[in-house]
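Here's the letter readout for the chains.
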Amino acid sequence: MSRNCLVVDLDKCIGCHACEVACKNENGIALGEYWNRVLQIGPHGTFPDLEQYWLPVQCQQCEDAPCVHVCPTGASYRDADGKVLVDKEKCIGCKYCMMACPYGVRSWNTKEKAVEKCTLCGQLTSAGQEPACVAACCANARFYGDLDDPGSDVSKAVAAADPASVHTLHDAGNKPLTRYILSDKIAAWHDVDAIKPASDAQDAAWFAKEA
Amino acid sequence: MTRRSFMKTAAVTGAVGALGLGVAHNMAPSDKAWADNDVHEVRTSCRACIANCGVIATVSNGRVIKLRGDSIDPMSKGRMCPKGLSGIQALYHPNRNKYPMKRVGAKPGNQWERISWDEAAKTVAQHMIDMRDKTGKHGLLCTTGGGGNPQFFSPPRFRNFWGAGNVFEPGCAQCYLPRNFTMPLVNGIGDTSIADSGCSELYKPAKYGGLTEVYVIWGTGPAWHSPSTSGRCVAELRENGCKTVVVDPRFTADASKADVWLPIKPGTDMAMMLGWMHYIIENKLYEKIPGYETFCEQWTNLPFLVDPRDNVSLPPVAEDITKDGQLLRASAVFDDVDAANEGYVYFDTEKGEVTKAFALGPDNDGTYHPQMFGTVDVKLKDGSTITCKTAFEAYKDRCADFDLDTVAEITGCKKEKIIEAIELYCSSAHGGISLGVATDMYPGSAQAAIGAAALDCMTAHLWHSGCPANKVGGQGSKGLTSCESTIFPSGFIGDTKYEFQTNDAILERLGYCEHKGLGGWMHSHIPTVLSAVLTGEPYQPKVWIERSGNKMAALGNSSSWVDAFPKFDLIVHGYMYPTSFTTEAADIVFPVCEWLENAFAQNRLNVNLMRKPVTNLFEAADEIMMWGKIAEAMSDPSSELYDANMEACMDDEKIGSPMVPAYWKTINEYWDWVAQQGGDKSVTTMEQAMEAFPMKWAEDDEYWGGTTYDGYCQVNAGAGVAGKVDPGMEGSSADDGKVVYTGFSTAARDIKDNPKKCGPYADTMLYLGRHGNEKFDMPAAVVDYNPMPYYFTPEDQSEYGDEYPLRLTEGRIPYFHHGTLRNNPYLRELYPAPELWISPGNAGKYGIVDGDWVNIKSPRTDGKDVFRDITTGLSTDTVMAGGKDAKFGPSEFAPGEELTANGQSVVKDGIFAVARVTKGIAEGTVYMERFWNPEFLEDGSDGRKSWTTENMNVLTKNTGYFNPEFGTYTLRGIHVKVAKAQRPEGIWYEPTDFEPWMPEPTENTGGAFYTK
Amino acid sequence: MEIQWSLVLFTALTGMGGCMFACVAADEFLGRAKAAAFPAAVVALVIAVAGGLASVTHLSHPDRIMGALSHPTSGIFTEALLMGCLCVCVAVYLVLVKREAGAGARKAVAVIGAVFGVLLSFMAGESYLMEARPNWCSQLLPLGYLLTAVPEGIAAYLVVVAAKVKDADAAPYGRALLAGGVLAAVGAAAYVLWAGPADGVQWTLLVVAVLGAGVVPAACGALLGKKPESLMAMAGGSLACAFVGAVSYRCIMWLITVPIANLFLNVL
Ligand SMILES: Nc1nc2c(c(=O)[nH]1)N[C@H]1C(S)=C(S)[C@@H](COP(=O)(O)OP(=O)(O)OC[C@H]3O[C@@H](n4cnc5c(=O)[nH]c(N)nc54)[C@H](O)[C@@H]3O)O[C@H]1N2
Ligand SMILES: Nc1nc2c(c(=O)[nH]1)N[C@H]1C(S)=C(S)[C@@H](COP(=O)(O)OP(=O)(O)OC[C@H]3O[C@@H](n4cnc5c(=O)[nH]c(N)nc54)[C@H](O)[C@@H]3O)O[C@H]1N2
Ligand code: SF4
Ligand code: SF4
Ligand code: SF4
Ligand code: SF4
Ligand code: SF4
Ligand SMILES: [Mo]
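Reading the values: rules and limits
Residues numbered from 1 in each chain as written. Chains lettered and ligands numbered in written order. Predicted model: local features only at pLDDT ≥ 70, side-chain atom pairs only at ≥ 80, totals over all residues. Heavy atoms only, no water. Helix = DSSP H or I, 4+ residues; strand = E, 2+ residues; numbered from the N terminus. Rg over C-alpha atoms; globule rule 2.2 N^0.38 Å. Areas by Shrake-Rupley, 256 points an atom, 1.4 Å probe, with all protein chains shown as cover. Buried < 20%, exposed > 50% of the residue type's maximum accessible area, 1.4 Å probe, protein only. Lys, Arg positive; Asp, Glu negative; His and termini not counted. Charge placed at Lys NZ, Arg CZ, Asp CG, Glu CD. Patch = residues over 30% accessible without salt bridge, like charges linked within 9 Å, V, L, I, M, F, W, Y side chains within 5 Å. Salt bridge = Lys/Arg side-chain N within 4 Å of Asp/Glu carboxyl O. Contact = heavy atoms within 4.5 Å. Pairing = 2+ DSSP bridges. Axes fitted to C-alpha atoms, helices over the stretch in contact; angles between N-to-C directions. Near = heavy atom within 4 Å. Nonpolar A, V, L, I, M, F, W, Y, C, P; charged D, E, K, R; others polar. UniProt positions renumbered as here; feature names shortened; annotations may be inferred. Buried area = accessible area lost by both parts, 1.4 Å probe. Polar contact = N/O pair within 3.5 Å; in protein donor to acceptor, adjacent residues only side chain to side chain. Expected span 1.5 Å × (residues − 1). Core = buried A, V, L, I, M, F, W, Y, C linked by side-chain atoms within 4.5 Å. Domains from an automatic or database assignment. Parallel < 35°, antiparallel > 145°, perpendicular 65-115°, else oblique. Left-handed = near helix turned anticlockwise from the far one by under 90°.

Now for the overall build of chain C. If you tally the helices and strands in chain C, you get 8 helices and 0 strands. Counted from the first residue to the last, chain C has its helices and strands arranged as α-α-α-α-α-α-α-α. The C-alpha radius of gyration computed for chain C amounts to 18 Å, which stays within 12% of the reference 18 Å derived for 268 residues, consistent with globular compactness. Dimensions along the principal axes, computed over C-alpha positions, put chain C at roughly 60 × 45 × 25 Å. Accessible area for chain C stands at about 10300 Å²; split by element, carbon and sulfur atoms hold 72% of it.

So, on to the overall build of chain A. Per the secondary structure count, chain A includes 6 helices and 10 strands. Over its C-alpha atoms, taken along the principal directions, chain A stretches across nearly 50 × 45 × 30 Å. Here chain A, with 211 residues, has 70% of them falling under the buried criterion. For chain A, the exposed area adds up to about 6400 Å²; of that, 51% sits on carbon and sulfur atoms. Considering chain A, the positive charge centre built from 20 side chains and the negative charge centre built from 28 side chains are found 6 Å apart.

Residues and elements named next belong to chain C. A cluster of nonpolar residues, Phe29, Leu30, Val111, Ile112, Val115 and Leu119, forms a patch on the protein surface that exposes about 520 Å² of accessible area. Put simply, the parts of the chain that give the nonpolar patch at least two residues each are α1 (5-30) and α4 (103-126). When residues in the nonpolar patch are grouped by element, the largest group, 4 residues, is from α4. On the basis of relative accessibility, which here comes to 36%, the residue Val111 falls in the partly exposed class.

What follows concerns the arrangement of the chains. Here the protein chains form 2 pairs of chains in contact, of which the pair with the most contacts is chains A and B. At the level of C-alpha atoms, the two units chain B and chain C stay apart, their nearest approach being 13 Å.

Residues and elements named next belong to chain B. In spatial order, the strands read β1-β2-β3; together these 3 strands make up an open sheet with antiparallel pairing. Each edge of the sheet is formed by a strand with only one pairing partner; in this case those strands are β1 (39-45) and β3 (63-69). Shown here is a sheet whose adjacent strand axes are inclined to one another by a mean of 25°, direction ignored.

Around ligand 3, a shell composed of 14 residues is seen, among which Cys59, Cys62, Cys67, Cys101 and Arg106 of chain A lie nearest. Classifying every residue of the shell around ligand 3 gives 10 nonpolar, 2 polar and 2 charged.

It is worth spelling out the sheet that holds strand β10 (residues 260-262) of chain B at this point. All names here are of chain B. Reading across the sheet, the 4 strands line up as β10-β9-β8-β15 and stay open at both edges, with parallel pairing between neighbours. The strands lining the two open edges of the sheet, one partner per strand, are β10 and β15 (431-435). Across the sheet, the axes of successive neighbouring strands diverge by a mean angle of 15°, strand direction being ignored. Against the sheet, helix α14 (residues 415-425) makes contact with β8 (214-218), β9 (243-247), β10 and β15, and its axis sits at roughly 125° relative to β10, the strand it touches most.

Turning our attention to the UniProt feature "transmembrane region" (unreviewed entry) in chain C. Residue and element names in this part refer to chain C. Annotation from UniProt places "transmembrane region" (unreviewed entry) at residues 6-24, 36-56, 76-96, 108-130, 142-163, 175-194, 200-224 and 231-256. Secondary structure over residues 108-130 splits into 83% helix and 0% strand, and the C-alpha atoms at its two ends are 35 Å apart. Secondary structure within residues 142-163 divides into 100% helix and 0% strand; the distance between the first and last C-alpha atoms comes to 32 Å.

In this section: the interface of chain B and chain A. Taken residue by residue, the interface counts 70 residues in chain B and 66 residues in chain A. Three residues, Arg79, Lys257 and Lys919 of chain B, lead the burial of chain B against chain A; their summed loss comes to 12% of the area buried on that side. Run the count over chain B and chain A and you get 4 salt bridges. In this assembly, chain B and chain A are joined by 20 residue pairs in polar contact (both at pLDDT 80 or more). At the level of secondary structure, the elements contributing two or more residues to the side of chain B that touches chain A comprise α1 (3-9), β3, α2 (82-85), α7 (222-225), α8 (227-239), α9 (253-256), α29 (825-830) and β25 (911-917) of chain B. Take the side of chain B that touches chain A: its biggest share by element is 7 residues, from α8 of chain B.

With that settled, the discussion passes to the interface of chain C and chain A. Taken together, the contact between chain C and chain A spans 33 residues of the former and 45 residues of the latter. Between chain C and chain A lies a buried interface of about 3100 Å² when both sides are counted; carbon and sulfur atoms form 64% of it. Its largest share of buried area at the contact with chain A, chain C owes to Ile260, Leu263 and Phe264 of chain C, together 27% of the area lost on that side. Along the contact surface separating chain C from chain A lie 0 salt bridges.

Here we take up the site of ligand 1. Residues and elements named next belong to chain B. Around ligand 1 lies a shell of 34 residues, among which Gly145, Gly146, Asn598, Glu810 and Asn953 are the nearest. Between ligand 1 and Gly146 there is a distance of 2.3 Å, counted from an oxygen atom to a backbone nitrogen or oxygen. Between ligand 1 and the protein, one listed contact pairs a nitrogen atom with a side-chain N or O atom of Asn149 at 3.2 Å. Considering ligand 1 on its own, with 900 Å² of exposed area, one finds that the protein chains cover 98% of that surface.

All names here are of chain B. In a regular helix each residue adds 1.5 Å, so 13 residues correspond to 18 Å; α8 covers only 16 Å between its end C-alpha atoms and thus falls short of that length. Of all 13 residues making up α8, 11 are buried, and the element is well covered by its neighbours. Among the residues making up α8, those that are buried are Pro227, Ser228, Thr229, Ser230, Gly231, Arg232, Cys233, Val234, Ala235, Leu237 and Arg238. Of the surrounding elements, those touching the buried residues of α8 are α2, β8, α7, β9, α9 and β19 (600-604).

With that out of the way, let us pick up unusual backbone geometry. Of note, the amide linkage connecting Gly42 of chain A to Pro43 of chain A takes the cis form, showing an omega dihedral of 5°. Mapping Pro43 of chain A onto the fold places it in strand β2 (residues 37-46). Cis rather than trans, the peptide bond between Glu537 of chain B and Pro538 of chain B has omega equal to -5°. Within the secondary structure, Pro538 of chain B is located in the loop between α17 (526-535) and β16 (543-547). Residue Lys113 of chain A is not a glycine yet carries a positive backbone phi of 55°.

All right, on to the environment of Leu641 of chain B then. All names here are of chain B. Mapped onto the elements of the fold, Leu641 is located in the loop between α20 (623-632) and α21 (644-648). Overall, the relative accessible area of 8% leaves Leu641 in the buried class. Here the alpha-carbon distance between Leu641 and Pro527, two residues 114 residues apart in the chain, equals 32 Å. For Leu641, the residues in contact, after removing those within four places along its chain, are Lys122, Ala125, Gln126, Ile129, Ala633 and Met634.

Residues Trp276 and Tyr395 of chain B are the most contacted members of the largest nonpolar core, which totals 159 residues. Built from parts of two domains, this core gets at least three residues from each of domain 1 (300-395) and domain 2 (795-997) of chain B. Non-local contacts of Tyr395 of chain B, meaning those with residues more than four positions away in its chain, are made with Met277, Ile281, Leu302, Ile450, Ala454, Met458, Pro760, Tyr761, Pro787, Met788 and Pro789 of chain B. Listed in part, the 131 residues of the second largest apolar core include Tyr92 and Trp837 of chain B together with Tyr145 and Ala209 of chain C.

What follows covers the packing of helix α2 (residues 34-56) of chain C against helix α3 (residues 75-98) of chain C. Residues and elements named next belong to chain C. Look at α2 against α3: their axes get within 10 Å of each other, and the N-to-C directions meet at 155°. Put simply, α2 runs roughly antiparallel to α3. As for how α2 packs across α3, the hand of that crossing is left-handed. Here Ala37, Phe38, Ala41, Val42, Leu45, Ala48, Val49 and Gly52 of α2 come into contact with α3, specifically with Met83, Leu86, Cys87, Val90, Tyr93, Leu94, Val97 and Lys98. Looking at the contact of α2 with α3 residue by residue, the class counts come to 14 nonpolar, 1 polar and 1 charged.

With that out of the way, let us pick up the pairing of strand β14 (residues 385-389) of chain B. Residues and elements named next belong to chain B. Residues of β14 alternate between two faces, with Ile386 and Cys388 buried on one and Thr385, Thr387 and Lys389 left unburied on the opposite face. As paired strands, strand β13 (residues 375-379) and β14 are joined by 5 bridges and run antiparallel to one another. Bridge pairing in β14 places Val376 opposite Cys388. Hairpin connection from β13 to β14: 5 residues lie between these consecutive antiparallel strands, with Gly383 at a positive phi of about 95°.

Shown next, in the form of structure tokens:
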């Protein structure tokens, strides 16, 4: 099975949020719902010796996907391509998958009353195009492809990076596929479970302005 | 995965079109049934900011349903930023202005009645004719938007045709003009704004030798001002190993990736520049630039002698600076020099004598041994002897007090970091400084532009590979070049047959004589215009035609304009949606187009793009039709509304200049004209252009391979900067073996024997202030345009620093362009309210935690700094300010009484923002970007709140000192105080609040003046 | 996370029903309170079904519920399966009782049903063990689910016994209630203390859970030995408190959870 996913080079990412808006446009996502968000991590350090980077997050395409595991209806499933997807027509809305996703990157579609998430833009990739967020990415920092295919954009990006600069979000046994490239010359990597919204206001609009 | 299984699984709403594109929409269903098979793509270009990235729009059944970048664009390489991607939501916004309207209720207010284009145009014409007959033509005021407005020249064009009046734009003196005008006069090449001018060199693929090795990003933020073009470019530079220095109070994306970040205190850039110069001179770095050790000696005007007799007048804010005047003219020294062969002089150390400076060539460069520093006794031809400094010595004196300890103190940056930055900058000649808009927002705008350009001169960055000032790119094989459909005003390039305006009318432009740099774009001085509106002196502006977004959000101290609106007979607003300006000021509203409805030819390196009318909605039309239809209403000799100039401007033959097309009567004619500007002669109609563009008119090899570096001293005559043939060298070809040095061209206008040096000592500016740049000699400005940069303490600091302890600055964010897109649902969801960045220390001091709402006030909201009478033009001979002496009446040097206390009291409660407590800003500095709240224009709301609630431009300053060159006022680095507050009532903040603004698709009507 | 009331009620009620039926089964073996067997089984069934229905209100698309049987690895599948098995067993048991079938068959069915009932309660908790939610991820959590259900079940059973059996011997029931209460208190406290209450609300709920599910039933159980005549009062009081305690315990679970990350700040 292939291991399709996104890879993001945080050394390059300039925090422009184009990927976020591209995703919303492409997928017609309602206000207040997200499949892809860009979090600012930092600044950390002592002024003026600061570090900061942006962390775009969306489904990490876990190899051992807990969301699929807990889904009672098979609405959350892995397709023949290895992609973790949601068949919204099967979703009963139990939200167990949302509880089970270690990163909270599943989204509740209020109108359709079903769970959604990043689809890796299968409608585009199956027609030979790049996912919307990859195509828009202003810093050429996002890549899509199959980690098992050494010729894919993702494999090439990972291979070009120093292994010490290749990270994944905290792996709780779910084996996230998405790789983040961040080298020490830009900033030290912060494990995702250490990232908390800096804001005391538990306000979705304000969330993660800095974490 | 099969299509079918995808349809069942993926969360794409809607159907899949014939091209297999996921149809994304949040739009209400259409009432018109379309055949399911019409899906096509239109390759166009974005205009949600100044960058013009290539875009592919997917149109399904007449509706634009998707935008993505066009990878043919070599600058954006197919990328698109959030502003551009929001084009569909902007296009189909439910609140679009759909047809012309006239006000039926009181001002401010939102009661309108639909009228026809004809009635609207005639109403404006009637008021103009009345004004002409009663008080004269100069009562016309035309204004527009700044960067982002492709028909930037529409207002001066209309005004010039009309024959008199004033033009402004909130940027101009506060944006780009200071750099755009000044830098070429110093470096002889061009400005280095990566946002505005593009800096094509930075885009050059490394394989053509274009690698920038050191890049100083000074007061500019490519990552956020144009993520897909300049942000992308700088990301690629960094990836290719370019080292960067970022000078910016904010810890921006570019700062976080820089090798050195200098978190400069806002408004202290001049001190920083003088500090860099001090260090460079002290450590002789100017002669240690690897590979270019003699550049400074050979190619700058720094060895030239300064005339100590020149009694330059100094700016009132910096009367303690060294009093160095114009460069000594050769005619003062040599008997055989007069106006016909005027030149500069230097002291030759081999010859041991004062020598007339000359242009270096392959045969003579061994004979040039200038003395760089010190003084020289010069015997003048009248027999007297004077002691002259070299220009470099003058610079040395100018920056003498700016040792790095002092500079560290003023700028708040660490000395070691400053040294690290300078050393990095001087470690390679391949690179240079991109100066951003930040410094344009201070009365030091011209000084910063001179400073940055002078630094690149002193350090041999100019015209070496990697320098942002370079203009590169050769001619392509197809013989096409640049394309652009800017519509020029009469008198801008070449002459017209018909004389539309008199010299007197030009001199009458408000504030122009004092601030001659404004002539670069034919603009007037904004505060002087405001003063004239309020006092009627020297004359009363009466009809105002404004074509842009929200002046209340873009003009400094914007509440000071409230008292001005009632003084006009008629105010016209042309825009896509109602804004605060509409409710506050407008009597007539014209519906103009979004960029997806517009046409524009745009060059992008070796590709020519064409913005195409992808669709056209309602009765909206390109803004050019607004100006044209008003003119047309006055063009009929048999009508009561006749004006001869307006008749002439409808007629190409009468105008008699290919550079100045007449107005168009139908939109189709205009589109065809745009199509003809695309650079391909065979394309004459928009219909053809639809197919023909975008057009890659040169292969990379042809385009980039043609660039010659170090061309100032090596090239043959064939190719100069940007393929421009140097005057006098025409006729020689690339391979005739005749090697000529092109040099740099920066001499003042009276210099005939141009020594072809770059001119860090800006004799050119000094000359400009005294003579102007018109075809006639203008009266001198009261204060001379100083040839070297200087620093002065910002007025807010010296006057209000104790009471308003925090210094507020601004900078772009990736979500909005100026005042635009605040009504865009996806973007407002991302950034629902303005942030106030504040350091943890300051936040703690004021009891503020992250996410708190805060209230912000400045001396302008508190009645302490009220706009005052600065009427100029009391001396009718010169139309000049009366001088510093108050007996000549009020002037900007001696302002009269307060004029706008009433308007400014509207904002006495200050404004509100969300505090973002961050280490990314220094103690003592705060940051906030412009904002306004279109939600207050919804039915039943108080429209005034749209610009008084979260708009930082009611805090900024249009009072006090304006620099002599451009009259720049203060939009950044103003002083404020902050306090914890409550979220203001009525603003939209939660994501779902913006639901009413989700797009409603609309039929393609062709718009107004469309002929099938 | 917000308290998911449907699921709280689902687990509290099915737990009660399951454990109640276990009491029926126990008495089937011990041969006591025969008169209570039928009504108690009916009540247990009603409670469990009510719990099941409560869970359905959690769903946005109950119409697609049959799909829930398609994915055997999910917790919901296990719960639904156990629920179904429990109901079948209780129903069969009722038929057997009605038809006065042989004791062997009744015992067999009762004990199988009891196992399903107890398991259901445990497995309802087990389905929350997700790596994504580290402070749910302990066998103490389902154990707490089961143990807080035990006094509920016993007390509910005793209410029926008190109503149907004239002179029931209260003493053994008292001991059972005492033991159940102690286990519930320990079970609830063990998980919650392990997970680490973060705020006053959670601590308060823990006190309510320990008192309600543990101390009160245990005290009632202890008192029953001395005051057998107040069986109804004690049973009723214990039932109410045990239910409140079980609900509190489940509420704590929702409030206490911290996911590895909640990057979209979903409010579930
Ligand atoms: N305090 C403070 N004030 C500032 C600034 C600041 O940083 N701080 N920035 C200053 C600067 S740099 C500037 S440039 C000004 C800008 O301030 P304004 O000039 O008032 O800005 P806008 O009107 O928003 O922008 C330009 C207009 O061009 C429009 N446009 C887009 N596409 C087209 C098209 O195809 N045709 C035409 N005709 N128009 C189109 C946009 O919709 C927009 O209305 O504000 C200045 N004011
Ligand atoms: N998203 C977006 N893009 C735009 C525009 C927009 O409105 N929105 N406007 C367009 C236009 S018209 C222009 S002119 C360009 C401008 O583009 P830029 O030149 O990049 O201008 P800014 O981002 O306004 O300012 C640059 C940086 O200067 C910093 N700064 C503020 N004060 C000071 C100071 O005193 N000294 C120094 N050294 N730095 C300071 C700010 O923090 C900011 O990061 O952007 C264009 N692109
Ligand atoms: S990241 Fe979350 S949604 Fe995506 S596969 Fe992993 S668990 Fe599932
Ligand atoms: S909410 Fe839908 S997708 Fe998620 S686990 Fe339940 S049924 Fe599956
Ligand atoms: S791949 Fe598609 S669905 Fe996933 S984040 Fe990118 S744009 Fe969104
Ligand atoms: S589009 Fe690219 S550069 Fe911009 S935020 Fe997303 S990943 Fe980063
Ligand atoms: S940078 Fe963004 S807004 Fe500007 S032209 Fe490009 S895509 Fe459009
Ligand atoms: Mo600008």
